[in-house]
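Coordinate inspection notes
Each chain, written out:
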Amino acid sequence: MIQVIGYLNSNDTKKAIRYLKERGKEYQFVDLKERSLSKGELENIFRHFNPEDCIDISSAYYKKRLAYMVYDAAQELEEHNELFITPILRCNGKAALGFDTRFLEANL
């Protein structure tokens, strides 16, 4: 089963969910507005991606708070989930950032 982590108002998250629904595939959706990622989930994501690569530099929070600062990306992502590029797709120990049809096809 594919886990889709993101926000329901994110267009890419909506695309990933629609993609899975259209193919009749089961998925688990984790809404970052309702709950934050656990330390274990963060560690799993950081095993696949450098924390700096996970930050959505087009997000309002980034532009307002971090664009001109020196910061620890892992710590900021842990404290502020809205910085993540969404959706985060996870399946069988693998992960992808953003809407990635190749990842979805490979894990269906």
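In this report, we go over the structure that sits alongside the text. (Residues numbered from 1 in each chain as written. Predicted model: local features only at pLDDT ≥ 70, side-chain atom pairs only at ≥ 80, totals over all residues. Heavy atoms only, no water.)

Describing the environment of Asp72
With respect to the element layout, Asp72 can be found in the loop between helix H3 (60-66) and helix H4 (73-79). Taking the C-alpha atoms as reference points, Asp72 and Asp31, separated by 41 residues in sequence, lie 24 Å from one another. Of the polar contacts made by the side chain of Asp72, one reaches the backbone nitrogen of Ala74; its length is 3.3 Å. (Helix = DSSP H or I, 4+ residues; strand = E, 2+ residues; numbered from the N terminus. Polar contact = N/O pair within 3.5 Å; in protein donor to acceptor, adjacent residues only side chain to side chain.)

Some words on the sheet that holds strand E4 (residues 94-97)
The 4 strands lie next to each other as E2-E1-E3-E4, forming an open sheet whose pairing is mixed. With partners counted over all chains shown, the strands left at the sheet margins are strand E2 (27-31) and E4, one partner each. For this sheet, the mean inter-axis angle between neighbouring strands, taken without regard to orientation, is 20°. Bridge count for strand E3 (residues 88-91) against E4 is 4 bridges, and the pairing is antiparallel. Across the sheet, Leu89 pairs through a bridge with Ala96, a residue of E4. (Pairing = 2+ DSSP bridges. Axes fitted to C-alpha atoms, helices over the stretch in contact; angles between N-to-C directions.)

Thoughts on unusual backbone geometry
Residue Thr86 is joined to Pro87 through a cis peptide bond whose omega torsion reads 0°. You can see Pro87 is positioned in the loop between H4 and E3. With a phi close to 50°, Asn92 is a non-glycine residue in the positive phi region. Looking at the element boundaries, Asn92 is found in the loop between E3 and E4.

Some words on the environment of Gly6
Position of Gly6 among the secondary structure elements: in strand E1 (residues 2-6). A C-alpha to C-alpha distance of 8.9 Å links Gly6 and Glu82, two positions 76 residues apart in sequence.

Quick word on helix H1 (residues 11-22)
The first and last C-alpha atoms of H1 sit 16 Å apart over 12 residues, in line with the 16 Å expected at 1.5 Å per residue. Within H1 the residues assigned to the buried category are Thr13, Ala16, Ile17, Tyr19 and Leu20. For H1, the buried positions fall inside an angular range of 155° around the axis, keeping them on one side. Away from its buried face by more than 90 degrees, H1 exposes Asn11, Lys21 and Glu22. (Expected span 1.5 Å × (residues − 1). Buried < 20%, exposed > 50% of the residue type's maximum accessible area, 1.4 Å probe, protein only. Arc of directions from axis to C-beta.)

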